[in-house]
Amino acid sequence: MKRIAFLLAVLISTFSMVAQTNNHSSKVAKNLDVFNAIYKNLDLLYVDTLDANEVVGYGINSMLHSLDPYTEYYTKEKNDELNTTLTGKYAGIGALIKYNNQLKNVVIDQAYANTPAAEAGLKKGDIILSIDDKPMAGKDNSYVSNSLRGEPGTSFKLKVKRPSTSKVLTFKITRRSIQLPSVPYYGMQPGNIGYIKYTSFTEGSAKQIRSAFIDLKSKGAKGLVLDLRGNGGGSLGEAVQIVNMFVPKGITIVQTKGKLQRANAEYKTTEEPLDTVMPIVVLVDGNSASASEITSGSLQDLDRAVILGTRTFGKGLVQQVINLPYGGLMKLTTGKYYIPSGRCIQAIRYKHNNGGRMEHVPDSLTKTFYTRLGRAVKDGGGITPDVEVKADSVPNIAFYLAGVRDSNEVMFNYEVDYIAKHPTISSPEKFVISDADYQIFKDKVIKSGFKYDGETSKYLENIIRLAKFEGYYNDAKPQLEALKEKLQHNVAHDLEYNKAFISNLLANDIVQAYYFQEGGIVHSLQQDKQWKKAVELLNNPKEYKDLLKKK
């Protein structure tokens, strides 16, 4: 406590001197108020007891960094960033942009359907030259994105260069309020299986799920697949409303518990359900988190759905937004949530000592809980699916081709060229990259001098270093060098070996240029083995029911 008092005294003294000499009294007051308010709210509301000596000592940013990754401070200037996360809304043109490493310029990657970008005719690959005559060459994604955004109804002049024609095009675009789609696609699939892709639990999104389900049911859906893969969560209230569509009124879905009584809450279903008998499969993966886990975990605990895929992320923490002086906001973790069986699925324990660190809850410390029908489920590690089906692993070469790990833009350039040469393509569910087209792509990759780091050669280099260190290298040298030779990169071989995966990746990117996000989802389902297993399960009532029985 002496250290805290000393640090605060130093801060006050320092800021006061600056204010007196430089007439910055307003700035001093603002910074002290912000600092004070953040610390008071943390001390009062944060779920765990803070080590005050450590937290205050590092100031606002270090203080928050030492806690968990979900407690964050937003200045007034960054409020829009938080609001977009919570609501899925922003004012702009409705396009994804990316920095092209080869051009050193930001380009259009994808336009959303029914947005100013799509209506203006912006295409994948268009190079953004200027916005209202302000040059964008060399600017990063963040700078260009901020320049594209603004107040709804305001117009600006966008100048782009289209690579396929080398023409410079000028568009006058009016910004609109853009709602990022929480349900980018839903539809009836063969066999009367309804499918809903749900990407984020933004405010009001439960109504979209409700509308989609009612429509699917009216068209004769006999089973439902709710796809929560990659859904990082959002509003707890939206999760409760979605579960309420499938379970009776008056059931406790989730409880939140924190350090203070006012952080404790119980959320029950409040309406009559839409359907309590239709078989449901919920698809999840390691990126399904928070509200996705409340939804899938509650449906699992209540034996109302079969969960399929891979283990979820494991975020069992609850946040609330706190108003701070001068327009600032803080997203603050105030408690943990517990789903119907009584379990908390938080997979990581955050430590406050040594500047903050984290560790996974070991299996030995997890506890067993039971679903409504007596099935055993575990806490402390996300939601374990009832049926585990792993997605196809992504080949290492694909990461580099897609630009995730390299500055080579050969895949992006091929896609832009393909789109320019094909005014139309077949429907999303039928479109494929032909063998001839793939050969053209393969030739372009080889001609470009594309290279990437192979994981096997990395491991071998480590083995060689260890062998030399431990004195085994000379005896094993012939074998190690022979293996090294065999593991030398052959890009042509790797492209052919991974042809099926890379072809599908190319096709999906191209489909989205014609049919937007919805088309990409429809296309991806054609090769999706988790989706196919879900359909197989819904077409086998006995297997489905057996999975929900007590073992």
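Reading the values: the criteria
- Residues numbered from 1 in each chain as written.
- Predicted model: local features only at pLDDT ≥ 70, side-chain atom pairs only at ≥ 80, totals over all residues.
- Heavy atoms only, no water.
- Phe/Tyr/Trp six-rings, centres within 6.5 Å; stacked < 30°, edge-to-face > 60°.
- Helix = DSSP H or I, 4+ residues; strand = E, 2+ residues; numbered from the N terminus.
- Buried < 20%, exposed > 50% of the residue type's maximum accessible area, 1.4 Å probe, protein only.
- Salt bridge = Lys/Arg side-chain N within 4 Å of Asp/Glu carboxyl O.
- UniProt positions renumbered as here; feature names shortened; annotations may be inferred.
- Pairing = 2+ DSSP bridges.
- Contact = heavy atoms within 4.5 Å.
- Axes fitted to C-alpha atoms, helices over the stretch in contact; angles between N-to-C directions.

Now for the packing of aromatic side chains. Applying the stated rule across the entire model yields 10 aromatic pairs. Here the aromatic rings of tyrosine 195 and tryptophan 531 are separated by 5.2 Å at their centres, their planes lie at 80°, and the arrangement is edge-to-face. In this pair, tyrosine 195 sits in strand β11 (residues 193-197) while tryptophan 531 sits in helix α18 (residues 529-538), placing the two residues 336 residues apart along the sequence. In this structure, tyrosine 195 and tryptophan 531 share a single accessibility class: buried. Here a set of aromatic residues connected by ring pairs shows up, and it is made of Tyr414, Tyr418, Phe431, Tyr438 and Phe441.

Let us now look at the pattern of salt bridges. Opposite charge on two side chains allows them to pair when their charged atoms are near. Inspection of the entire model under this criterion finds 25 salt bridges. Between aspartate 303 and arginine 375 there is a salt bridge, with the nearest N and O atoms lying 2.7 Å from each other. Of this pair, aspartate 303 sits in the loop between α10 (291-301) and β16 (306-309) while arginine 375 sits in the loop between β21 (368-370) and β22 (376-378), and the two are 72 residues apart along the sequence. Considered together, aspartate 303 and arginine 375 belong to a single accessibility category, that of buried residues. When the shortest N-O distance is used, the salt bridge between lysine 444 and aspartate 417 registers 3.8 Å. Residue lysine 444 is located in helix α13 (residues 435-447), and its partner aspartate 417 is located in helix α12 (residues 410-421); the two are separated by 27 residues in the primary sequence.

The next thing to look at is the UniProt feature "domain: PDZ" (unreviewed entry) in the protein chain. Under the local residue numbering, the UniProt record ascribes the feature "domain: PDZ" (unreviewed entry) to residues 79-149. What you have in residues 79-149 is 31% helix and 34% strand, and the ends, taken at the C-alpha atoms, are 14 Å apart.

Let us look at the sheet that holds strand β15 (residues 280-284). Within the open sheet, the six strands sit side by side as β10-β11-β12-β15-β16-β23. Their pairing is mixed. With one partner strand each, in any of the chains shown, β10 (185-189) and β23 (387-388) form the two edges of the open sheet. Examined bridge by bridge, β11 and strand β12 (residues 223-227) share five bridges and lie parallel to one another. Bridge pairing links glycine 194 to leucine 224 in β12. Docked against the sheet, helix α8 (residues 205-218) engages β10, β11 and β12, running at close to 165° with respect to β11. Here α10 sits on the sheet and contacts β12, β15 and β16; the angle it forms with β15, its principal contact strand, is near 140°.

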